Amino acid sequence: MNPQETASGTADSPLLVERHGRVVTLTLNRPHRRNAMSTAMLGQLAHELGRLTERGRDVPGALVVTGAGGTFSSGADTREPDWRDLSRRAVRRACFRTVFSALHEAPFPVVAAVEGYALGGGLELALACDLVVAGEGSLFGLPELGVGAVPGGGAVHSLVRRAGRGVAARMLLIPGERVRADELARLGAVERTVPDGGALAEAQALAASVAEGNPALLEAGVRLLRDSGHLDRTAALGVENGYWWQAASAANRDPSRADDQSISGHGR
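Residues numbered from 1 in each chain as written. Predicted model: local features only at pLDDT ≥ 70, side-chain atom pairs only at ≥ 80, totals over all residues. Heavy atoms only, no water.

Draft legend 1. Fine view of the nonpolar core. Core analysis: the largest hydrophobic core is formed by 47 residues, its most contacted members being Leu26, Leu63, Val114, Leu125 and Phe140. Residue contacts for Leu26: discarding those within four places in its chain leaves Leu15, Leu16, Val17, Leu45, Glu48, Leu49, Leu52, Leu63, Val64, Val65 and Thr66. (Core = buried A, V, L, I, M, F, W, Y, C linked by side-chain atoms within 4.5 Å. Buried < 20%, exposed > 50% of the residue type's maximum accessible area, 1.4 Å probe, protein only. Contact = heavy atoms within 4.5 Å.)

In structure tokens:
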């Protein structure tokens, strides 16, 4: 491992952390449970995301989220002994919300590398990322209604916005419905598909390419992407104007990493 590569977490840790240059990879690591998200895993994920986004630290240029053992995540762990206890479920719910909020606020692009299954909270985790790279045979679904819950992490909203109401209705309302990655790619909910087994390598290569950009411009870009989708045109143009000025300021501070003329050419 060279000086730019670091790793943390033991083989039996529910979350593994690796850094290669400016790319950090977080791996959900409960393959014996298809990476079902336990309270402990969610707590570690929330903690690590908080640490990665602390100002003043060596913030990564991009983040990859994946799962060990050939699957992304089967969702919340419904086999935890206290799954039906409402107060305990509230703790897990708070952890989920912390994770999703941290991903939305991250000052760098986040790429999901999906293989196997992305179900329930696993699908919500993938769709909370900015880009989704998936093995073409990966299966996505929302089985919550069948286990006494409803999705609560934004997956339905994201699916309606990115792929359409029809596929969101199928995944939410039809018991056992699973949608392949290649169909979601055609509809726009998955950005890139690769042969099964190649999602992580593709996602890390994509993240490394993205991470070469000016950090301030990347932050402006991802915030513009995340903040604009739900707004009407007038409000979206206002948001874009604010990030245009942020980007122009960043270019002036670091002209070697950004093209001032191209930025100015997009002014309105």
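Draft legend 2. Broad picture of the pairing of strand S7 (residues 131–135). Most of S7 is tucked away, with 4 of its 5 residues classed as buried. The pairing of strand S5 (residues 110–114) with S7 spans 4 bridges and is classified as parallel. Paired with Ala113 across the bridge in S7 is Val133. Across 3 bridges, S7 lies against strand S10 (residues 192–194) in parallel orientation. Across the sheet, Val133 pairs through a bridge with Arg192, a residue of S10. (Helix = DSSP H or I, 4+ residues; strand = E, 2+ residues; numbered from the N terminus. Pairing = 2+ DSSP bridges.)

Draft legend 3. Molecular detail of the pattern of salt bridges. For the coordinates displayed, the defined rule picks out 13 salt bridges. Its salt-bridge partner being Arg33, residue Asp77 comes within 2.6 Å of it at the nearest N-O pair. Note that Asp77 is positioned in the loop between strand S4 (62–67) and helix H2 (86–105) and Arg33 in the loop between strand S3 (23–28) and helix H1 (39–52), a separation of 44 residues in sequence. Asp77 sits in the buried class, given a relative accessible area of 3%. According to the relative accessible area criterion, Arg33 is buried, its value standing at 18%. Between Glu177 and Arg170 there is a salt bridge whose closest N-O contact spans 3.0 Å. Residues joined by salt bridges that share partners form a network here, namely Arg30, Arg33 and Asp77. (Salt bridge = Lys/Arg side-chain N within 4 Å of Asp/Glu carboxyl O.)

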